[in-house]
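The residues making up each chain are set out below.
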Amino acid sequence: MSSDFKPPSKSLSILASVGGVVTAAIAIAILNVWSKQLSQVSIKKPEISTSQTVSRQLLQPKKPQGPISGAKKAEIVASLDAKSVVLPGKPIPKNQLTVAIIPYIAPGVGKLTPEETTTARQAWSYFQRNWNDKTGLVNSVDGFASVSMWDQTAAIAALVSARELNIVPAAEFEAKMSKMLKTLASMPLYKGELPNKVYNAKTLVPVNYGQLEKREEIGWSAIDLGRMAIWLKIVGAKYPQLRLETAAVWKHWQVKRLTKNGQMYGTAVIKGKEQYNQEGRLGYENYAAYGLKLWGLDVKQALDYQSYAAFVDLYGQGIPYDRRDYKNSGANNYVLSEPYILDGIETGFQALPKAYADRILAAQVARYQATKQLTAVTEDNLDRPPYFVYSSLFVNGEPWATIADTREQHNDLRFLSAKAAIGWHVLYNTAYTRQLFNFVQGNLKSKDGWYNGFYESLRQPNKTLTANNNGVILESLLYKQVGQPLTIWAGVKSQKSTERAITIPQVTAKILRH
């Protein structure tokens, strides 16, 4: 989930899509055919206004009024968003601030509907198109052979989902998964320690963002590796014939510097010098730490979801955010949908309290009720500059801000996320999440997978195609089909520790800037 992406040079493409997760996911795509597609694809407009009533008692009918323009609608929504925030917000009662003893199972799980099966097959088409035979790695963004470990994990999740949803046969699954794992267990590492943040997916050359040929080691992301740790455990537990290969990936990593004093640490190379920083904020930090915990690492402080938590009211809903913002820590404290969705789907809310996810979804529902703007926000790649944004509920003191990792605001590029819409739907299955699901079905399908989202103010699709978007969609539908959190379904065993019992630990370790 890396955010510090730069687009490729003009010699590589007319436009490029980039991104990752702060972790994050990275990638860049060639978009030179998209402008032609815009004129070929009919776009269903999002719901933007309440019904109007006209009095039948009037002698003279009113002149018909056209729909509110996108710009006017955006102006109205921006005004309401600005007024929606109240600090401090309503905290969650302490008796609700524990992870579930019994992992959460969503209502309505079970056999997929024909429409959901079609959705899964559509998502898998992305991976068919972007699979690299020689390495088994998958392009992070359509058509551009760059990959992060976050996005490669999305490909692992997608392949497992495709196998279990009967989209690919067992023999193809085993061949592809074995190729992936053998590559991950032998690829060159940053300083011989841990996977570089970015690779050329065809050649395995460690590279920088937006580049394919120049070898460059730029550090590792603890958040990316925490997500991969979860899926290595899922694959090893569910498919015993692959257990030695998943273990070989972990053994290939030199994990000594991945954690320190119970925190997760990542590295970056700035002007030729390595920076070693505490990594993660509330949400992704806890989710990724859970993965490292499964392999026995000390992440006690990173799993703490209370010591740095505060609350802000958005449209009357008190949502959690991390007190460590850019001003006091040097790191952005994005509040996003995705880490809560992944935690619910994969662990049944074992890394974070379900009450946090409840509030984060409730705030987005409340925004819709106030603005009539369907809302399902998270971070993702864009089909235009700056190519990657964090579409946040709250970040660095700003409500509903969409920002680049540089903190530059791009609220005009806020979009409804396809992966967030479908993820929230399988986890909660409410009338509102059904609207989100239906909107994705009506607006974001392409022949090569699911587009990343739909821009609120531009009123058109964000036509980037990515591994992470389509991978999260697939694993969400697998969760619905099997009716259990995926670690439980696979039979993942958690090592015994005292970490689960933590409620309000006293954090004494010095937190370095991210």
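Preceding this paragraph is the structure being described.
Let us look at the structure shown here. (Residues numbered from 1 in each chain as written. Predicted model: local features only at pLDDT ≥ 70, side-chain atom pairs only at ≥ 80, totals over all residues. Heavy atoms only, no water.)

**Brief notes about the overall build of the protein chain**
Within the protein chain, the regular secondary structure consists of 15 helices and 20 strands. A buried classification covers 61% of the 514 residues belonging to the protein chain. Long-range pairs, those at least 24 residues apart, make up 71% of the contacts in the protein chain with a sequence separation of at least 6. As presented, the protein chain carries roughly 20,200 Å² of accessible surface, and 52% of it is formed by carbon and sulfur atoms. (Helix = DSSP H or I, 4+ residues; strand = E, 2+ residues; numbered from the N terminus. Buried < 20%, exposed > 50% of the residue type's maximum accessible area, 1.4 Å probe, protein only. Contact = heavy atoms within 4.5 Å. Areas by Shrake-Rupley, 256 points an atom, 1.4 Å probe, with all protein chains shown as cover.)

**Quick notes on the environment of Pro-88**
If you trace the backbone, Pro-88 turns up in the loop between β3 (85-86) and α3 (114-130). Pro-88 gets classed as exposed once you look at its relative accessible area, which sits at 68%. Each C-alpha atom, one on Pro-88 and one on Ala-310, is 7.9 Å from the other, the two residues being 222 residues apart in sequence.

**Overview of the environment of Lys-191**
Tracing the backbone through its elements, the reader meets Lys-191 in the loop between α5 (170-184) and β5 (199-200). A sequence separation of 26 residues divides Lys-191 from Glu-217, and the C-alpha atoms of the two residues are 7.9 Å apart. Not counting residues up to four positions away in its chain, the partners in contact with Lys-191 are Glu-217, Arg-257 and Glu-274.

**Overview of the sheet that holds strand β12 (residues 388-391)**
Pairing within the open sheet is antiparallel, and its three strands lie in the order β11-β12-β15. Only two strands of the sheet have a single neighbouring strand rather than two, namely β11 (379-381) and β15 (402-403). Pairing of β11 with β12 involves three bridges; the strand directions are antiparallel. In the sheet register, Glu-379 faces β12, and the bridge partner there is Tyr-390. (Pairing = 2+ DSSP bridges.)

**Quick notes on helix α12 (residues 418-428)**
Extensive coverage of α12 is indicated by the burial of 11 of its 11 residues. The set of residues buried in α12 consists of Ala-418, Lys-419, Ala-420, Ala-421, Ile-422, Gly-423, Trp-424, His-425, Val-426, Leu-427 and Tyr-428. Two or three places before Lys-419, at the start of α12, stands the capping residue Ser-417, its side-chain oxygen 3.4 Å from that residue's backbone nitrogen. A positive phi of about 50° marks Asn-429, the residue just after α12. (Polar contact = N/O pair within 3.5 Å; in protein donor to acceptor, adjacent residues only side chain to side chain.)

**Remarks on the pairing of strand β10 (residues 317-322)**
With respect to burial, β10 is a largely interior element, five of its six residues being buried. Inspection of the sheet shows strand β9 (residues 309-314) paired to β10 by six bridges, in the antiparallel sense. Its bridge partner being in β10, Phe-311 is matched across the sheet by Pro-320. The turn linking β9 back onto β10 is made up of two residues, and Tyr-315 within it adopts a positive phi angle of 50°.

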